[in-house]
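Here are the chains, one letter per residue:
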Amino acid sequence: MKYASEEQEGPAVEQTDGPAASAPEKTERRGSATHAAAPHDEQQGTRNRVARSILDHGPSTAAELALRLELTQAAVRRHLDALAAEGVVEPREKRVYGTRGRGRPAKAFALTDCGRDAFDQAYDQLASEALRWIAQSAGGGEKGEAAVAAFARARLAAQAEGYREAVEAAGPEARTEALAKALTADGYAATARSAPNPQLGEQLCQHHCPVAHVAEQYPQLCEAETEVFSRLLGTHVQRLATIAHGDGVCTTFVPKAGAGKAAHSTARTSKTTTASASTAGRNPA
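Residues numbered from 1 in each chain as written. Predicted model: local features only at pLDDT ≥ 70, side-chain atom pairs only at ≥ 80, totals over all residues. Heavy atoms only, no water.

**Student:** Summarise the overall build of the chain; cite the residues concerned and give the values.
**Tutor:** Scanning the chain from N- to C-terminus turns up 10 helices and 6 strands. With 285 residues in all, the chain has 38% of them scored as buried. Summarising the internal contacts of the chain: among those between residues at least 6 apart in sequence, 55% fall at separations of at least 24. Counting only carbon and sulfur atoms, one obtains 52% of the accessible surface of the chain, whose full area is about 16,400 Å². (Helix = DSSP H or I, 4+ residues; strand = E, 2+ residues; numbered from the N terminus. Buried < 20%, exposed > 50% of the residue type's maximum accessible area, 1.4 Å probe, protein only. Contact = heavy atoms within 4.5 Å. Areas by Shrake-Rupley, 256 points an atom, 1.4 Å probe, with all protein chains shown as cover.)

Laid out in structure tokens, this is it:
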């Protein structure tokens, strides 16, 4: 599990309070006290252990984590502060059953959605199994493929409604850029740039695809997306490359209005070049 990078901590080594200070197992496991600064990977490893313990045991206080991981409470609090700053955990008031004692209730730290996403997930497997079930329920073969395509179109149509307003508010020459910004807001890291021949059109490039692994098995997802782009931009577009097929970037050619057959010819040539570049392991975009 990886989190955002952090600054190395200072040279101080935590000590436990009272008699436990002499017990080596109660100090943070960061090597000997002669080290001027703990290595970054060791700090990150301890931080990951803190997050993992919360995942395994649920919302936990600093005292509970310190006991569970054999660390000092001061060390645990410092790691919790860093994890909270990164959006991995968040403090909550610890739920008390029965009579609450005097004093301020202890804070329990729980994983955020972002924190849970840092651990292994099975979303791709779930999505693939769901699409496989749709295909089999429709009878398999061509009927199954058609059912998956229908699902992909319905999914993309709903998603496109969020892009339509941004695209329609832009001028004709800025619509590809507006679509790229809307896609970026949805996690696709999209950009718009001139095609090799700027007079003929533009290229819409998506540098990330959240469903790439599933689209490897079900290209209907890519095909439905291309259809949506065409409707949003009001022109025929042509997909030149996809991450799902091993290319570095999903690239869609968007011809300029009035470019006509020359634009279509350029797109076909560009697609052939893309296929060759992809085979050679290069990123055509």
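**Student:** Before we move on, can you summarise the packing of helix α6 (residues 141-169) against helix α9 (residues 220-233) with the specific residues and values?
**Tutor:** The N-to-C vectors of α6 and α9 enclose an angle of 35°; their axes lie 8 Å apart at closest approach. For the crossing formed where α6 meets α9, the hand is right-handed. Where α6 abuts α9, its residues Glu145, Val148, Ala149, Ala152, Arg153, Leu156, Ala157, Ala160, Tyr163, Arg164 and Val167 lie against Gln220, Leu221, Ala224, Glu225, Glu227, Val228, Leu232 and Leu233. A per-class count over the contact of α6 with α9 returns 13 nonpolar, 1 polar and 5 charged. (Axes fitted to C-alpha atoms, helices over the stretch in contact; angles between N-to-C directions. Left-handed = near helix turned anticlockwise from the far one by under 90°. Nonpolar A, V, L, I, M, F, W, Y, C, P; charged D, E, K, R; others polar.)

**Student:** Outline the sheet that holds strand β3 (residues 190-194), supporting the account with residue identities and numerical values.
**Tutor:** Strand order in the open sheet made by the 4 strands is β3-β4-β6-β5, with antiparallel pairing throughout. On the outer flanks of this sheet lie β3 and β5 (238-241), each paired with one strand and no other. Looking at each pair of strands side by side, their axes are set apart by 25° on average, direction ignored. Across the sheet, helix α7 (residues 175-185) lies against β3, β4 (201-206) and β6 (250-255), angled at about 160° from β3, the strand it touches most. (Pairing = 2+ DSSP bridges.)

**Student:** How would you sum up the pattern of salt bridges? Please name residues and give values.
**Tutor:** Scanning the model with the defined rule gives 5 salt bridges in all. Measuring nitrogen to oxygen at the nearest pair gives 3.2 Å for the salt bridge that ties arginine 92 to glutamate 90. Glutamate 90 gets classed as partly exposed once you look at its relative accessible area, which sits at 32%. For glutamate 161, the salt bridge identified is with arginine 164, shortest N-O distance 3.5 Å. Linking glutamate 161 with arginine 164, this pair stays in helix α6, spanning 3 residues, or about one helical turn. (Salt bridge = Lys/Arg side-chain N within 4 Å of Asp/Glu carboxyl O.)

**Student:** Go over the nonpolar core, please, and point to the residues and values.
**Tutor:** In this structure, Tyr163, Leu179, Leu183 and Leu204 are the most contacted members of the largest nonpolar core, which totals 28 residues. Counting only elements with at least two residues in this core, the list comes to α5 (123-137), α6, α7, α8 (212-217) and α9. For this core, the element with the highest residue contribution is α9, accounting for 7 residues. Not counting residues within four places of it along the chain, the set of residues in contact with tyrosine 163 comprises Leu179, Ala182, Leu183, Asp186, Tyr188 and Leu232. (Core = buried A, V, L, I, M, F, W, Y, C linked by side-chain atoms within 4.5 Å.)

**Student:** Pulling in residues and values, what's your account of the side chain of serine 60?
**Tutor:** With respect to the element layout, serine 60 can be found in the loop between α1 (40-57) and α2 (62-69). For serine 60, a relative accessible area of 0% gives the class buried. One polar contact links the side chain of serine 60 to the main-chain carbonyl oxygen of glycine 58, over a distance of 2.7 Å. Filtering out sequence-adjacent residues up to four positions away, serine 60 remains in contact with Ile54, Leu65, Arg68, Lys107, Ala108 and Phe109. (Polar contact = N/O pair within 3.5 Å; in protein donor to acceptor, adjacent residues only side chain to side chain.)

**Student:** Let's hear about unusual backbone geometry: which residues, and what values?
**Tutor:** Even without being glycine, glutamate 70 reaches a positive phi, approximately 60°. In this structure glutamate 70 comes out as partly exposed when scored by relative accessible area, which is 29%. Positioned with a positive phi, alanine 189 is a non-glycine residue whose angle comes to about 50°. Overall, alanine 189 belongs to the partly exposed group, its relative accessible area being 35%.

**Student:** Can you break down the state of the cysteines residue by residue, with the values?
**Tutor:** Summed over all chains, the structure comprises 0 disulfides. Unpaired in this structure, cysteine 222 has its nearest cysteine sulfur neighbour in cysteine 250, at a distance of 6.1 Å. The buried category is assigned to cysteine 222, whose relative accessible area is 12%. (Disulfide = S-S within 2.5 Å.)

**Student:** Break down the pairing of β3 for me, with residues and values.
**Tutor:** Where β3 lies against β4, 5 bridges are found, and the strand directions are antiparallel. Residue pairing across strands places alanine 190 opposite glutamine 206, the latter belonging to β4. The hairpin turn running from β3 into β4, its antiparallel successor, is 6 residues long.

**Student:** Would you mind going over the packing of α1 against helix α3 (residues 73-85) in detail, with residue names and values included?
**Tutor:** The N-to-C vectors of α1 and α3 enclose an angle of 80°; their axes lie 10 Å apart at closest approach. In terms of orientation, α1 and α3 fall into the roughly perpendicular class. Contact residues: α1 offers Gln43, Thr46, Arg47, Val50, Ala51 and Ile54, while α3 offers His79, Leu80, Ala82 and Leu83. Class assignment for the residues of the contact of α1 with α3 results in 6 nonpolar, 3 polar and 1 charged. (Parallel < 35°, antiparallel > 145°, perpendicular 65-115°, else oblique.)

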